[in-house]
Amino acid sequence: MTSAELLTAADVELMQGLAQRVTAVRPELVNSDASYGELAWNWGRGHADFHASWRRRLWFDGGALVAWGWAQLPRRARLNDGSVKEVTGAYLAYQVHPDHAKLLDEVVDWYDATAPGLERTVLPGADDAFALERWAAHGYVTDPESLGDTGSWTQLNERDLTDIEEPELPQGYRFRTAAEAGPDAAVRAHVDAWGPSAYSIDAYEGVRAAAGYRGDLHLLVEAPDGTMASSAIMWLDEENRTLEFEPVGTHPDHRRRGVARAMLLHGLRLGREAGAVHATVACLGAPGHTSARGLYYGVGFRKVTWDVPLLKPADAD
């Protein structure tokens, strides 16, 4: 049985459930943008502005979700500096349970039919040999912009939650949570780290409403002058006892002071207290993107898998 229409918050919860089931048996096959926390973050931060450009299809077996596709079509994003970002192509987030791998051909066909005449991109995982073969069979090729030292592909990193160092903040800095500091501080921390950005109070309210969000696991570091110097949201998958950091960012004026390192270590300890035994975080993986990768390696994370950016040109139909 299948269902196709605009994406809803209830759909995202079903998709998170599939992420948990895939994580339990083949965690290396959880696609980019299809993890428990990434789904919640992407839905929450974007649904108010971009919902009309999101299409989804769900595949069920005996009432259980076994595959889904989330097509993100052209849209316009107004950024906090007043500029406008035009997205002219289509992107697909998707997941197929490994026991139903052959459904991938239906996912690809649906994506092609949903975004005809557009450049279409997708990010299958490097460890999913079957998926890579099927995407190639449908005419998808390596995205040339992903090649070289500044390619845009991401890698997934993981570590267990034993032997976590004691975090040490610079003098005058202190740990906070979004539950304590409030929405304005949480939004400002993100925009300062990632700006120019479309993130707003409305977007944050969407994140707070997403399944799995916890204000006590949304970390902030406050500088002596009251600036929120760094922030991270942690998503706890209680079924798999896994903690996922998404997103993590630091104000440019407070980088290279050990602030983010201390925040991550603090977060790992909080996650362990909450019941997690394992943690993940994603970052850009190309050789030229060293900062975040070095930060995560410095607190014990190690690369486990990565995505493979593919595209089908607009004139391929």
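Rules used throughout
- Residues numbered from 1 in each chain as written.
- Predicted model: local features only at pLDDT ≥ 70, side-chain atom pairs only at ≥ 80, totals over all residues.
- Heavy atoms only, no water.
- Helix = DSSP H or I, 4+ residues; strand = E, 2+ residues; numbered from the N terminus.
- Rg over C-alpha atoms; globule rule 2.2 N^0.38 Å.
- Contact = heavy atoms within 4.5 Å.
- Areas by Shrake-Rupley, 256 points an atom, 1.4 Å probe, with all protein chains shown as cover.
- Domains from an automatic or database assignment.
- Buried area = accessible area lost by both parts, 1.4 Å probe.
- Phe/Tyr/Trp six-rings, centres within 6.5 Å; stacked < 30°, edge-to-face > 60°.
- Buried < 20%, exposed > 50% of the residue type's maximum accessible area, 1.4 Å probe, protein only.
- Lys NZ or Arg CZ within 6 Å of the ring centre and 35° of its normal.
- UniProt positions renumbered as here; feature names shortened; annotations may be inferred.
- Salt bridge = Lys/Arg side-chain N within 4 Å of Asp/Glu carboxyl O.
- Axes fitted to C-alpha atoms, helices over the stretch in contact; angles between N-to-C directions.
- Parallel < 35°, antiparallel > 145°, perpendicular 65-115°, else oblique.
- Left-handed = near helix turned anticlockwise from the far one by under 90°.
- Nonpolar A, V, L, I, M, F, W, Y, C, P; charged D, E, K, R; others polar.
- Expected span 1.5 Å × (residues − 1).

(A) Looking closely at the overall build of the chain. The helix and strand tally for the chain stands at 9 helices and 16 strands. Its C-alpha radius of gyration of 19 Å places the chain within 12% of the 20 Å reference for a compact globule of 317 residues. Of the contacts made within the chain by residues no fewer than 6 positions apart, 72% connect residues no fewer than 24 positions apart. When the accessible surface of the chain is summed, it comes to about 14000 Å², and 49% of that surface belongs to carbon and sulfur atoms.

(B) Layout of the domain arrangement of the chain. The assigned domain composition of the chain is domain 1 (9–149 + 308–312) and domain 2 (159–306). Relative to domain 2, the C-alpha centre of domain 1 lies at a distance of 24 Å. With 27 residues of domain 1 at the contact, the number on the domain 2 side is 29 residues. Interface area for domain 1 against domain 2, summed over the two sides, is near 2200 Å², with a carbon-plus-sulfur share of 58%. When the buried surface of domain 1 facing domain 2 is broken down by residue, Tyr36, Trp41 and Asp149 rank first, second and third, together holding 28% of it.

(C) Summary view of the packing of aromatic side chains. Counted according to the given criterion, the structure contains 10 aromatic pairs. Measuring from centroid to centroid gives 6.4 Å for tyrosine 111 and tyrosine 140, while their planes differ by 20 degrees, and the two rings are stacked. With tyrosine 111 in helix α3 (residues 104–114) and tyrosine 140 in the loop between α4 (129–137) and β8 (141–142), this pair connects stretches of sequence that are 29 residues apart. The same class applies to tyrosine 111 as to tyrosine 140, namely buried. Plain terms: the ring middles of tryptophan 135 and tyrosine 140 are 4.8 Å apart, the flat faces sit at 80 degrees to each other, and that makes the pair edge-to-face. Taken together, the ring pairs connect Tyr94, Tyr111, Trp135 and Tyr140 into an aromatic cluster. For the cation-ring pair, arginine 75 lies above phenylalanine 50, with the distance from its terminal atom to the ring centre recorded as 5.8 Å. Positioned above the aromatic ring of tyrosine 297, the side-chain terminus of arginine 302 is 5.2 Å from the ring centre.

(D) Quick look at the UniProt feature "domain: N-acetyltransferase" (unreviewed entry) in the chain. Annotation from UniProt places "domain: N-acetyltransferase" (unreviewed entry) at residues 173–317. Secondary structure within residues 173–317 divides into 33% helix and 30% strand; the distance between the first and last C-alpha atoms comes to 55 Å.

(E) Examining the pattern of salt bridges more closely. Summed over the entire model, instances satisfying the criterion amount to 16 salt bridges. A salt bridge links arginine 56 to aspartate 11; its shortest N-O distance comes to 2.8 Å. Residue arginine 56 is found in strand β2 (residues 54–61), and its partner aspartate 11 is found in helix α1 (residues 9–25); the two are separated by 45 residues along the sequence. Judged by relative accessible area, which is 4%, arginine 56 ranks as buried. Look at aspartate 11 and you get buried, because its relative accessible area is 6%. Ionic pairing is found between glutamate 28 and arginine 26, a salt bridge with its closest N-O pair at 2.4 Å. Looking at arginine 26, the relative accessible area reads 34%, which means it is partly exposed.

(F) How the structure looks around unusual backbone geometry. Between glycine 195 and proline 196 the backbone carries a cis peptide bond, its omega angle lying at -5 degrees. Within the secondary structure, proline 196 sits in the loop between α6 (183–194) and α7 (201–209). Omega for the bond connecting glutamate 246 with proline 247 falls within 30 degrees of zero, at 0 degrees, which places this linkage in the cis form. Here proline 247 shows up in strand β13 (residues 242–250). The phi dihedral of arginine 256 is positive, around 65 degrees, even though this residue is not glycine.

(G) Seen up close, the packing of α3 against α4. One can describe the packing of α3 onto α4 by two numbers: an axis separation of 10 Å at closest approach and a directional angle of 40 degrees. When the axes of α3 and α4 are compared, the pair comes out oblique. Considering how the two elements wind past one another, α3 and α4 form a crossing that is right-handed. Taken together, the residues of α4 that come into contact with α3 (itself represented by Leu104, Asp105, Val108 and Tyr111) are Phe130, Ala131, Arg134 and Trp135. Looking at side-chain class alone, the contact of α3 with α4 contains 6 nonpolar, no polar and 2 charged residues.

(H) A look at α1. Its 17 residues place the ends of α1 25 Å apart at the C-alpha level, agreeing with the 24 Å of an ideal helix rising 1.5 Å per residue. Turning to α1, its buried residues number three or more, namely Asp11, Val12, Met15, Gln16, Gly17, Leu18, Ala19, Gln20 and Val22.

(I) Layout of the environment of arginine 241. Mapping arginine 241 onto the fold places it in the loop between β12 (228–237) and β13. Accessibility expressed as a relative area gives 42% for arginine 241, which makes it partly exposed. For the pair arginine 241 and alanine 274, spaced 33 residues apart in sequence, the C-alpha separation works out to 8.9 Å. Those residues within four positions of arginine 241 in sequence are excluded, and the remaining contacts are Gly275, Ala276, Val277 and His278.

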